[in-house]
Amino acid sequence: MNSSAAQPKEWAKQIQDEWKILEKDLPETIYVRVYEGRMGLLRAIIIGPAGTPYHDGLFVFDCFFPPNYPHEPPMVYYYSGGLRLNPNLYNCGKVCLSLLGTWHGQQNEMWIPGQSTMLQVLVSIQALILNDRPFFNEPGYESSYVGVEGEKRSGKYNEDVFVLSLKTMIYTLRKPPKSVFSLQHFEDFVTGHFRNRALDILVACQAYKEGARVGSVVLKDGVADPTKLVHGSSEEFKVTIPKMINVVAREFVKNGSRNCEQFQASRS
């Protein structure tokens, strides 16, 4: 990676324009840090959307603006922790997205110099990749698995993904994104996010343990709203989730979250 000083002024101005767009239009559930000393670098944390198996999770991405930007798309690396929780997010860090040129697509889905932006990339990752039915992100699955069979496989995939999302929460808490060029804000952000969201995450896990389908939990006054729940989780999932609740609750307690001890299994 070349330093910012070695890049043309036009490149630097384009990056500054990107910063302005992000500052003005970035959704509340996407957070970005930039580095004035290394303008080509950007780090983003995306909060998993409600109603999906990624809800309340934190997903970390490092972005790089290449020397020919914006004539070629940015490069994006995903911190996977070695876990594959989406067909588009590889455990090696690759992000598979037409907009990035890492997947083929329609012409209007590809990077368009002068029109496409980093904001568009981040919003696309949140909306198109971290969605409520990621099973169908796999090429050909939407046409191969239709009707009841497709919904069954999609539901099972969501259960597996949610368990991996919980493991990602643990991984991110234990090894938060390290500061780069003396920037430390994201380490505090990670601990603060999970300290604030811990109880809601565990309440949702408890509802899943009792048979609710992943993504169907809507909290009202700190409890799952029974009028919103959709039941139908698998028996295998109902056996797995209590073990994860205990591990996650222990990490949340260590992180300083309150009212999470009740979710920990008693030790004999």
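Scoring rules and cut-offs
Residues numbered from 1 in each chain as written. Predicted model: local features only at pLDDT ≥ 70, side-chain atom pairs only at ≥ 80, totals over all residues. Heavy atoms only, no water. Helix = DSSP H or I, 4+ residues; strand = E, 2+ residues; numbered from the N terminus. Expected span 1.5 Å × (residues − 1). Buried < 20%, exposed > 50% of the residue type's maximum accessible area, 1.4 Å probe, protein only. Arc of directions from axis to C-beta. Contact = heavy atoms within 4.5 Å. Pairing = 2+ DSSP bridges. Axes fitted to C-alpha atoms, helices over the stretch in contact; angles between N-to-C directions. Salt bridge = Lys/Arg side-chain N within 4 Å of Asp/Glu carboxyl O.

Peer 1: Sorry if this is basic, but what is going on with helix α1 (residues 9-25) here?
Peer 2: Along an α-helix, a turn takes 3.6 residues, which lines up residues three or four apart on a common side. Taking 1.5 Å per residue, 17 residues should reach 24 Å; α1 reaches 24 Å between its end C-alpha atoms and fits that length. The complete set of buried residues in α1 reads Trp11, Ala12, Ile15, Glu18, Trp19 and Leu22. The buried residues of α1 occupy an angular sector of 115 degrees when projected down its axis, which confines them to one face. Exposed residues lying more than 90 degrees from the buried face of α1 are Lys9, Glu10, Lys20 and Lys24. Each element contacted by the buried residues of α1 is listed here: β1 (30-34), β2 (41-47) and α2 (118-129).

Peer 1: Please clarify how the sheet that holds strand β3 (residues 58-64) should be interpreted in this entry.
Peer 2: Whenever strands of a sheet pair, they do so through backbone hydrogen bonds, lying parallel or antiparallel. Reading across from one edge, β1-β2-β3-β4 is the order of the four strands in this open sheet, with antiparallel pairing throughout. Each edge of the open sheet is held by one strand with a lone partner, namely β1 and β4 (75-78). This sheet shows a mean twist of 25 degrees between the axes of neighbouring strands, independent of strand direction. Direction of pairing for β2 relative to β3: antiparallel, over a ladder of seven bridges. Bridge pairing in β3 links leucine 41 to phenylalanine 64. α2 rests against β1, β2, β3 and β4 of the sheet, and its axis sits at about 30 degrees to β2.

Peer 1: What's the story with the pattern of salt bridges in this structure? I'm lost.
Peer 2: Think of it this way: side chains of opposite charge can pair up when their charged atoms draw near. Under the definition given, this model contains 12 salt bridges. As a salt-bridge pair, lysine 13 and aspartate 17 come within 3.2 Å of each other at their nearest N and O atoms. In this pair, lysine 13 and aspartate 17 are both assigned in helix α1, four residues apart and thus about one turn of the helix distant. A residue is classified by how much of its surface remains accessible, and aspartate 17, at 26% relative accessible area, is partly exposed. Across the salt bridge formed by glutamate 235 and lysine 238, the nearest N and O atoms sit 2.9 Å from each other. In this pair, glutamate 235 and lysine 238 both sit in helix α6 (residues 235-254), three residues apart, roughly one turn of the helix. Counted as one network, the salt bridges with shared partners bring together Asp56, Arg197 and Asp200.

Peer 1: I tried to follow the pairing of β2 on my own but got confused; where do I start?
Peer 2: In the case of a regular strand, side chains alternate between the two sheet surfaces. Most of β2 sits out of view: seven of its seven residues are buried. Pairing between β1 and β2: five bridges, direction antiparallel. What sits directly across from valine 32, in β2, is alanine 44. Hairpin connection between β1 and β2: a loop of six residues separates the two successive antiparallel strands.

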